[in-house]
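In case you want the letters, here they are:
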Amino acid sequence: MSYEFQQLEPKWQNFWEKSKVFEMDVSKEFDPFYLLVMFPYPSGDKLHLGHWFVYGLLDSWARFKRMNGKKVFFPMGFDAFGLPAENFAIKKGIHPDVTTTQNVTYMREQFRRMGTSYNWNYTLDTSKPNYYKWTQWVFLELYKKGLAYKKEAPVNWCPSCQTVLANEQVQDGQCERCDSVVARKNLSQWFFKITDYAQPLLDNIERLDWPHRTKAMQQNWIGRSEGTEIIFEIAGSKKTFTVYTTRPDTLFGVTYVTLAPEHPLVAEITAATQQASVTAYIEETARVTEVDRLSTTREKTGVFTAAYAINPVNGEKIPIWIGDYVLYSYGTGAVMAVPAHDERDFAFAKKYKLPVRRVILEDGIDASAAMTTAYTEDGKMIASDKYNGMMSSDVIKAITKDLEEKHIGKFKVNFRLRDWLISRQRYWGAPIPIVHCPQCGEVAVPEKDLPVKLPEDVDFRPTGESPLKRCESFMNTSCPKCGGKAQREADTLDTFVCSSWYYLRFPNVGNNSQAFETKLTNKVLPVDKYVGGPEHACMHLLYARFINMVMKDLGHINFDEPFESLTHHGLVLGADGQKMSKSKNNTVSPDAYVEKHGSDVLRMYLAFGFNYIEGGPWDDQGIKAIARFIERAWRLLEENKTTLTSTTAPKLECSQEDKKLLFVLHNSIRMATRDTEAFQFNTSIARCMELCNALHDYIRATPEAERNTGMLRDTLQKFVILLSPFAPHAAEEWWSWCGKTKSIFLETWPTHSEEFLTLDETTFAVMINGKLRGEFKTPSTATETEVVAQAKEQAFVQKHLAGLNIVKHIFVPKKLVNFIAK
């Protein structure tokens, strides 16, 4: 019988389903191990090899954890709302509900053929009303707490996707989805006040078992800084503006100030002589993304307004400029410029011939010396009135205290983090549960009226405004407060809102009365191990942490963080070296490989050929070698079926060949256990290959009558268990050959014994005429005659004895052999 995967794989998939091996009632488990992977977008018609790599290999890890005693809760769902699914539907000319449902069905069948062990009795689809009803409830909970609000603001607009993007969805000035250049646009939008949680989001990071790089990215994105807010007056006016700075010690060195082009004051203070230049510059800046404006490599530009401000510490009039490197959405939208002590300000001042005034003196530098670059370190204060002679680091606190006493400044903690923009001008998303009433204003939809269903009969092609605006049956409604005529909110929620809380819903799937039940959720969560791509460090992961904190503050759960331990998987890249993506048309389908080689071979090749944490470009050159290995393992076990079912007990006295095999077995168990736990699947499989070779060697070297049958049986069975996470279908078949009727995945993972990890061997040094030439190992039971004979057979000995005759040898037991030769 050969390895006929076409029959075997459906056989064992049916067995798993009928016997419900992987199903569980999470409410009845005392201590479930919650394993979660970032769920896929059903945005195309199938899973590609990149998906197989992520989901297939994590399934192997799930099987490994089950066999190590964990009650694994391993659900799967579909992140089904959003632009990818909507764009796919537009491309096909079919309603997104139809295409999404079809794609989910197809992907579930692909997961089945993959042989995954998901808890399919806990699954969700974010585009179905029984899920997005509770997404809307999450929105309303934040709305009631004052954390959801609508305002007009400059936003990132993707002209291709015809919708706004959060800052996190803009990469290098381009839309992360379609790579179109993003423009700035003023629109009335919905936001979540994630900034209210900036400090706790920052405080918790260090205690998380997350990759260091991801934690650093979140820390940088949140961007906490301690500084001083200072009030500047506008000359000849009662108007004021505020700047935020971390270097108030340089206040006497301010030679100009810069406002963001979109700052409301700009229109009020710009002189008539500069009006045309300023207006043109504002229009030009509006075409540049925030990301580009903040780039450290981009040349900073600006325009003079012909207005002046008053320096609050010395009364000096200083010019007011506008510059593209200042953002109204960050800080106060105004900066004080100190060219002598800030590199950016120095470059700007040199470009526009603005004054440079030194107020901090570097050791060994003459105060009158010309400055060729900004000095940004600590030093003694000069030209700073009563602070002269003090160290600048001490002046920071002193001058802030003085400003506070005069009510013209105060200590301030600032964050780079901006509020989360959540509304989208597209169709395929959860409707925002808000009604706009002429009498009552903004009114939340009562919970009893959820879900606000997404209407089906809508022309969902993008036009630049929400397609829902064109659906009168949806838009026209009555006010929940006064009963009068009202209009629904036309924007839909960004799909990141759907995924920001899905981990809470999984254990509660089927609960139609609440989003998540507190007692059950507190028992199952937080997630024990979360796996996903590193590209979500400042989007999904940050959003989910924020929503989790809000839910805790509202008393719905009792834990701070949703994901205590996080592992990032690598990416299997397309032939072009880019991430596999349907939008890039570089995906590779796994289906042909499954049809030709089987699911187990593809899974094992992905596990062996790529590092799970790093990934790499797709190359199928090695897949045939994995197919041959599975065939070789198949023949090994098939030829030893009698041994597999033997009831003979292992011999207590082991031969030298027995000891060699036991050494490889226990070393393989030790290394495969360690490496699989650490997601190092490639080296785990290498240990299994070594064990397979050792089994072949043992069987060839030991006559059947002399074999330790009980030991060989146990080793063969443990070999099957070690291989089972990576070849689950074949392993189940092999396990049945052992006379087992229950699934192999109900077995206990083997443990190694240190007793067998030391081979009973002695290392002998070999000398020729007193000169050390090398060493070799021999069984400790070998006699002097046997040791000398083996020493003569060593290649390095024969090389050095070429042309010489051995006169005699000197033998030191357990140490060396010295040949005297002429």
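Scope of this entry: the structure provided in the associated data block. (Residues numbered from 1 in each chain as written. Predicted model: local features only at pLDDT ≥ 70, side-chain atom pairs only at ≥ 80, totals over all residues. Heavy atoms only, no water.)

Of regular secondary structure, the chain possesses 27 helices and 31 strands. Projecting the C-alpha coordinates of the chain onto the three principal axes gives extents of approximately 110 × 75 × 45 Å. In the chain, buried positions account for 54% of the 822 residues. Within the chain, residue pairs in contact and separated by at least 24 positions form 72% of the contacts whose partners lie at least 6 positions apart. With the model as given, the accessible surface of the chain reaches about 35600 Å², and the carbon-plus-sulfur share is 49%. Each charge class in the chain was averaged separately, 99 positive and 100 negative side chains, and the resulting centres sit 1 Å apart. (Helix = DSSP H or I, 4+ residues; strand = E, 2+ residues; numbered from the N terminus. Buried < 20%, exposed > 50% of the residue type's maximum accessible area, 1.4 Å probe, protein only. Contact = heavy atoms within 4.5 Å. Areas by Shrake-Rupley, 256 points an atom, 1.4 Å probe, with all protein chains shown as cover. Lys, Arg positive; Asp, Glu negative; His and termini not counted. Charge placed at Lys NZ, Arg CZ, Asp CG, Glu CD.)

Let us now look at the layout of surface pockets. Of the pockets and cavities examined, the second largest pocket occupies roughly 970 Å³. As for the second largest pocket, its lining consists of 31 residues, and the residues nearest its centre are Thr246, Tyr330, Val335, Asp342 and Arg344. At the level of elements, β9 (240-245), α10 (290-294), β13 (334-337) and α11 (343-352) are the ones that each hand at least two residues to the lining of the second largest pocket. Among the elements that take part in the lining of the second largest pocket, α11 stands out by supplying 5 residues, more than any other. Its residues assigned to classes, the lining of the second largest pocket shows 12 nonpolar, 11 polar and 8 charged. (1 Å grid on protein atoms, 1.4 Å probe; cavity = no way out; pocket = protein on both sides within 12 Å on 5 of 7 lines; lining within 4 Å. Points joined across faces, edges and corners; volume = space filled by probe spheres on them. Nonpolar A, V, L, I, M, F, W, Y, C, P; charged D, E, K, R; others polar.)

So, about empty space enclosed by the protein. In total, this model carries 2 cavities of 30 Å³ or more according to the counting rule given. Counted as a void, the largest cavity has a volume near 130 Å³. If you trace the largest cavity, you find 16 residues lining it, with Gly82, Leu83, Arg424, Asp494 and Thr495 closest to the centre. When residues of the lining of the largest cavity are traced back to their parent elements, those giving at least two are α3 (83-92), β4 (163-165) and β23 (492-493).

According to the stated counting rule, one finds 33 salt bridges in the structure shown. Among the ionic contacts, a cluster of salt bridges with common partners joins Arg207, Lys552, Asp560 and Glu564. (Salt bridge = Lys/Arg side-chain N within 4 Å of Asp/Glu carboxyl O.)

Quick look at a negative patch on the surface now. Where like charges cluster on the molecular surface, the negative patch consists of Glu362, Asp363, Glu377, Asp378 and Asp394. Asp378 gets classed as partly exposed once you look at its relative accessible area, which sits at 34%. (Patch = residues over 30% accessible without salt bridge, like charges linked within 9 Å, V, L, I, M, F, W, Y side chains within 5 Å.)

On to the side chain of Asp402. Position of Asp402 among the secondary structure elements: in helix α12 (residues 392-405). On the basis of relative accessibility, which here comes to 16%, the residue Asp402 falls in the buried class. Once residues lying within four places of it in the same chain are set aside, the contact partners of Asp402 are Lys386 and Tyr387.

Next up on the list: the sheet that holds strand β19 (residues 434-437). Strand order across the open sheet formed by 4 strands is β20-β19-β22-β21, with antiparallel pairing between neighbours. Each having just a single partner strand, β20 (441-444) and β21 (476-478) make up the two edges of the open sheet. Neighbour-to-neighbour, the strand axes of this sheet turn through a mean angle of 45°, independent of strand direction. (Pairing = 2+ DSSP bridges. Axes fitted to C-alpha atoms, helices over the stretch in contact; angles between N-to-C directions.)

Here we take up the packing of aromatic side chains. Within this structure, the stated rule accounts for 60 aromatic pairs. Ring centres of Phe64 and Trp749 lie 4.9 Å apart, and the angle between their planes is 85°; on these two criteria the pair is classed as edge-to-face. Within this pair, whereas Phe64 is found in helix α2 (residues 49-67), its partner Trp749 is found in the loop between α25 (728-737) and β28 (761-768), the two being separated by 685 residues in sequence. Look at Phe64 and you get buried, because its relative accessible area is 1%. Residue Trp749 is classed as buried on the basis of its relative accessible area of 4%. Among the aromatic side chains, those forming a connected cluster through ring pairs are Phe33, Phe53, Trp61, Tyr593, Tyr605, Phe610, Tyr612, Trp618, Phe679, Phe681 and Phe726. Above the plane of the ring of Phe191 lies Lys151, whose end atom (NZ or CZ) is 5.4 Å from the centre. We note Arg416 situated over the ring of Trp221; from NZ or CZ to the ring centre the distance is 4.3 Å. (Phe/Tyr/Trp six-rings, centres within 6.5 Å; stacked < 30°, edge-to-face > 60°. Lys NZ or Arg CZ within 6 Å of the ring centre and 35° of its normal.)

Another aspect to go through is the sheet that holds strand β17 (residues 420-421). In space, the 4 strands of this open sheet follow the order β4-β3-β7-β17, with antiparallel pairing throughout. Of all strands in the sheet, those bounded by a partner on one side alone are β4 and β17. In terms of strand pairing, strand β7 (residues 183-192) meets β17 through 2 bridges, oriented antiparallel. Across the sheet, Phe191 pairs through a bridge with Leu421, a residue of β17. In this fold helix α5 (residues 129-144) packs onto β3 (148-158) and β7, with an angle of close to 85° to the strand it touches most, β7.

α25 sits mainly inside the fold: 9 of its 10 residues count as buried. Within the sequence span of α25, burial applies to Pro728, His729, Ala730, Ala731, Glu732, Glu733, Trp734, Trp735 and Trp737. At the C-terminal side of α25, Gly739 shows a positive phi close to 85°.

Once that is clear, we can look at unusual backbone geometry. Trans is the prevailing form of peptide bonds, just as negative phi is the prevailing case for residues other than glycine. In this model, Leu450 is joined to Pro451 through a cis peptide bond whose omega is 0°. Inspection of the secondary structure assignment puts Pro451 in the loop between β20 and α13 (472-475). Put simply, Leu525 and Pro526 share a cis peptide bond, and its omega is 5°. Relative to the assigned elements, Pro526 resides in the loop between α16 (518-524) and β24 (529-532). Phi angles above zero are rare outside glycine, and Ala306 is one such case at about 70°. By the secondary structure assignment, Ala306 is in strand β11 (residues 302-310). Overall, the relative accessible area of 27% leaves Ala306 in the partly exposed class. Positive phi is not limited to glycine here, since Lys353 has a value of about 55°. Mapping Lys353 onto the fold places it in the loop between α11 and β14 (360-361). For Lys353, a relative accessible area of 76% translates into the label exposed.

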